[in-house]
Amino acid sequence: MDKDEVIRDRRPMKARSFLTAVGAALLSLVLLATGLIWTMDRRSPLHLAEQPLQLPRSARFVPRDAAVALHWLADPSRLPAYAQAVAPASERRAARDGARAWRNGAFALAGLEFDSELAPWIGSEISLTLLDGASDPGWVLALTSRDNDGARRFLQRFWQTRSLAGTDLQISSYRGIGVISGRGALIGRDPQPLATALIDDDLLLLASGRGVLEQSLDVSQLKDQHQLGDQRLQQTVADLGDGVAVLTASPAAMQRWLQLPAVLTERSDLAGLVASLRPEGATLAADAVLAFRNKLTPQPWQPLKDLSDTAGGRALWLAQFQNPSRLLDADDQHPLAQWLGPLLRSHLKDQAAAATVVELDEGPLLWQHQSDGWLLTTSREQPQQAVVDAQLQEQGLSRSELDGDGEKLAVWTRLVRQRGRTAGLEAQLAVAQARAASVDWWGETLTGLKHRQDSRGLQPRLRQWQAISSDGRPSHALLLGAEPTQTLLAAWQPWAFIQALAGQSLKGQVQGLSLVADVDQQDDVGTKLPLHARLDLG
């Protein structure tokens with residue numbers, strides 16, 4: 001073989017080697033870029049809630065009978081950035097500052113300065129426990145550290161600064177764990193009893209007193225008494241999906257803190273509430289479960305037959321009920337009837353005509369509250385017109401027919417005496433009925449009844465319905481626009497507390513609220529009632 005042939009034979013080999021090297025380099029660059037993009041993407045504040053829910057290690061120090069336990073599972077340092085990222089461009093700075101104020105205010109309740117004391121080391125798992133015992137009520141805050149030195153350094157500075165401010169320290173050991181306690185505070189603050197314990201160098205317990213802290217340490221030694229050893233609770237939390245926080249509440253706390261009615265919270269079979277919190281853009285979504293120790297004896301609720309696809313209107317708020325007649329039955333012992341029934345009866349007490357239709361309706365029912373009066377949608381002949389007519393006539397109403405817009409309406413009126421220049425009798429409308437192929441419409445006013453043809457006006461409520469009903473099996477739903485949501489939240493104690501932490505009114509940011517109760521879920525242990533809520537902010 002001559003020299004030229006050797007050269008020709010080597011050229012393909014060199015070409016292949018060169019291409020292989022280039023390919024390897026490009027593949028490395030692609031893998032590196034993919035890794036960097038994935039890392040940056042995971043660090044994006046928009047992924048704050050994209051993590052499966054589970055009880056943190058600190059749940060080992062939370063008694064199963066704690067009044068309230070809140071487990072926060074996301075980096076609190078990223079909360080302002082998330083609020084800024086999802087806010088409209090013109091409101092991003094205000095959203096960021098508001099989230100920072102809310103976060104700092106929450107930690108300030110425990111006497112902690114987030115930016116100066118916690119930000120350099122705090123981890124993504126935080127637990128707050130409220131104990132409502134008669135002898136020693138109080139709270140325990142569990143903080144995780146990103147490294148093994150952060151919590152220890154904080155603890156040294158924490159007690160050093162308070163010692164200089166006049167706090168008398170007591171250092172001892174309890175169950176082999178070092179405990180520091182004292183009564184005092186930073187200069188300018190009211191003295192408060194505090195106690196701390198460091199667990200495995202990266203878990204810090206801060207409590208409202210030595211007795212409360214020792215109670216948490218005692219519970220941690222008994223698997224059948226702490227939350228981390230509760231297998232049913234762990235499964236319930238896992239079933240809630242993704243989120244940033246888990247909340248548990250005892251029946252007493254549900255009444256005291258969440259203002260749920262006593263007829264529900266004082267049931268002997270109620271175990272408590274488990275809920276999750278999940279931000280979705282500018283919406284806060286909450287999924288919850290009411291847990292009962294036994295199988296409920298009342299007949300379970302059936303899935304709702306959705307009437308929204310036939311509906312039009314201009315609803316300020318909209319409700320759907322699977323069986324309103326059953327909800328109004330005062331003898332029904334189902335928890336949802338005990339909870340929602342009194343609310344529905346209270347709303348109907350001054351609306352006799354609407355109450356008549358609702359009481360006779362075995363469902364489904366779609367109720368719209370409009371500026372022009374209420375508007376009801378029921379299944380065709382459910383309730384029957386003749387039965388409604390008999391009830392309304394007992395109330396002094398007269399039925400007649402009215403032609404308008406190419407259709408015939410049934411109207412019920414009462415005679416009202418007019419005084420002054422127009423003295424005489426006038427027929428005052430109480431309710432009007434229109435019929436379609438599969439549904440009946442009942443309106444408080446003719447104008448409100450006419451709005452049923454306005455499908456565009458109902459779109460905001462329908463979007464709320466689609467967002468909250470897609471993953472469940474609803475039996476009842478309530479969808480509110482901005483104004484009724486603001487009115488409802490103004491009377492809710494936890495909302496006032498949240499605004500106090502933020503240091504400002506949040507009324508202008510509230511755009512809507514959706515609430516849904518799913519059908520019963522029974523297992524070998526008892527019954528669960530799933531609940532869902534979505535608060536739209538903007």
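Everything numeric here is computed off the predicted structure, so don't read it as measured data.

**Looking at the overall build of the chain**
Summing up its helical and strand segments, the chain has 17 helices and 21 strands in all. For the chain, with 538 residues in total, the buried portion stands at 46%. Considering only contacts within the chain whose residues lie at least 6 apart along the sequence, 63% involve residues at least 24 apart. As presented, the chain carries roughly 27,500 Å² of accessible surface, and 52% of it is formed by carbon and sulfur atoms.

**What to know about the packing of aromatic side chains**
In this structure the tally under the stated criterion is six aromatic pairs. Judged by centre distance (5.2 Å) and plane angle (35°), the rings of Trp 121 and Phe 154 are tilted. In this pair, Trp 121 is assigned in the loop between helix H4 (114-118) and strand E2 (122-131) and Phe 154 in helix H5 (residues 150-164), connecting sequence segments 33 residues apart. Phe 154 carries the same exposure label as Trp 121, and that label is buried. Three or more aromatic residues link up through ring pairs in this structure, and these residues are Trp 121, Phe 154, Phe 158 and Trp 159. Against the face of Trp 301 rests Arg 326, its NZ or CZ located 4.2 Å from the ring centre.

**Side note on the pairing of E2**
Bridge count between strand E1 (residues 68-72) and E2: five bridges; the pairing is antiparallel. Among the inter-strand pairings, Trp 72 is bridged to a residue of E2, identified as Ile 126. Two elements, E2 and strand E3 (residues 138-145), share seven bridges in a ladder whose sense is antiparallel. Each residue of the ladder has a partner; that of Ile 126, found in E3, is Leu 143.

**Focus: helix H3 (residues 92-108)**
Taking 1.5 Å per residue as the helical rise, H3 with its 17 residues ought to reach 24 Å, and the 24 Å between its terminal C-alpha atoms agrees with that figure. For H3, the full list of buried residues reads Gly 98, Ala 99, Arg 103, Gly 105 and Phe 107.

**Some points on the nonpolar core**
Note on soluble globular proteins: their nonpolar side chains tend to be buried together. Grouped together as the largest cluster of nonpolar side chains are 52 residues, with contacts concentrated most on Leu 290 and Trp 367. Ranked by the residues each element gives to this core, the list is headed by helix H12 (residues 352-360), at five residues. Once residues lying within four places of it in the same chain are set aside, the contact partners of Leu 290 are Met 254, Leu 264, Leu 270, Gly 272, Leu 273, Trp 339, Thr 527, Lys 528, Leu 529 and Leu 531. Grouped together as the second largest cluster of nonpolar side chains are 27 residues, Ala 99, Ala 110, Leu 155 and Ile 180 included.

**As for the side chain of Thr 196**
For Thr 196, the position within the fold is in strand E6 (residues 192-199). Note on Thr 196: relative accessible area 1%, which makes it buried. Engagement of the side chain of Thr 196 in a polar contact is seen with the side chain of Trp 159, the distance being 2.8 Å. Each residue touching Thr 196, except ones within four places of it in the same chain, is listed here: Leu 155, Phe 158, Trp 159, Gly 178, Val 179, Ile 180, Leu 204, Leu 205, Leu 206 and Leu 213.

**Regarding the confidence of the model for the chain**
Per-chain confidence: the chain averages 83 in pLDDT, with 86% of residues scoring 70 or above. Across residues 29-46 the pLDDT falls below 50, and counting only partners more than four positions away or on other chains, this stretch makes 13 contacts in the model.

**Some thoughts on the side chain of Ser 514**
Turning to its location among the elements, Ser 514 is positioned in strand E19 (residues 510-518). Among residues more than four places away in sequence, those in contact with Ser 514 are Gln 464, Ile 468, Leu 478, Leu 479, His 532, Ala 533 and Arg 534.

**Considering the pattern of salt bridges**
Across all of its chains, the model carries 16 salt bridges by this definition. Where Arg 210 meets Glu 214, a salt bridge forms, and the shortest distance between an N and an O atom there is 2.9 Å. Within this pair, Arg 210 and its partner Glu 214 are both found in helix H6 (residues 210-219), separated by four residues, close to a single helical turn. A salt bridge links Asp 287 to Arg 278; the shortest N-O distance between them is 2.8 Å. Comparing Asp 287 with Arg 278 shows no difference in burial state: the two are buried. Several salt bridges converge on common partners, so that one network encompasses Arg 278, Glu 280, Asp 287 and Arg 534.

**A word on the packing of H3 against helix H17 (residues 493-502)**
Relative to each other, H3 and H17 sit at 100°, their axes nearing to 7 Å. Between H3 and H17, the angle is such that the two are roughly perpendicular. Contacts from Ala 101, Trp 102, Gly 105 and Ala 106 of H3 reach H17 at Ile 498, Leu 501 and Ala 502. Classifying every residue of the contact of H3 with H17 gives six nonpolar, one polar and no charged.

**A word on unusual backbone geometry**
Residue Pro 364 is reached from Gly 363 by a cis peptide bond, and omega for that bond is 0°. Relative to the helices and strands, Pro 364 resides in the loop between H12 and strand E12 (365-370). With an omega dihedral of 10°, the bond running from Gln 382 to Pro 383 counts as a cis peptide bond. Note that Pro 383 resides in the loop between strand E13 (373-379) and helix H13 (385-394). Backbone geometry places Asp 200, a non-glycine residue, at a positive phi of 55°. Within the secondary structure, Asp 200 sits in the loop between E6 and strand E7 (203-207). The residue Asp 201 is not glycine, and still its phi comes out positive at about 70°. Relative to the assigned elements, Asp 201 resides in the loop between E6 and E7.

**Let's talk about the pairing of strand E17 (residues 439-443)**
When you tally the buried positions in E17, you get five out of five residues, the bulk of the element. Of the pairings in the sheet, the one linking E13 to E17 comprises five bridges and is antiparallel in character. What sits directly across from Thr 378, in E17, is Asp 440.

Here is what the cut-offs are and how they apply
- Residues numbered from 1 in each chain as written.
- Predicted model: local features only at pLDDT ≥ 70, side-chain atom pairs only at ≥ 80, totals over all residues.
- Heavy atoms only, no water.
- Helix = DSSP H or I, 4+ residues; strand = E, 2+ residues; numbered from the N terminus.
- Buried < 20%, exposed > 50% of the residue type's maximum accessible area, 1.4 Å probe, protein only.
- Contact = heavy atoms within 4.5 Å.
- Areas by Shrake-Rupley, 256 points an atom, 1.4 Å probe, with all protein chains shown as cover.
- Phe/Tyr/Trp six-rings, centres within 6.5 Å; stacked < 30°, edge-to-face > 60°.
- Lys NZ or Arg CZ within 6 Å of the ring centre and 35° of its normal.
- Pairing = 2+ DSSP bridges.
- Expected span 1.5 Å × (residues − 1).
- Core = buried A, V, L, I, M, F, W, Y, C linked by side-chain atoms within 4.5 Å.
- Polar contact = N/O pair within 3.5 Å; in protein donor to acceptor, adjacent residues only side chain to side chain.
- pLDDT = per-residue confidence, 0-100.
- Salt bridge = Lys/Arg side-chain N within 4 Å of Asp/Glu carboxyl O.
- Axes fitted to C-alpha atoms, helices over the stretch in contact; angles between N-to-C directions.
- Parallel < 35°, antiparallel > 145°, perpendicular 65-115°, else oblique.
- Nonpolar A, V, L, I, M, F, W, Y, C, P; charged D, E, K, R; others polar.

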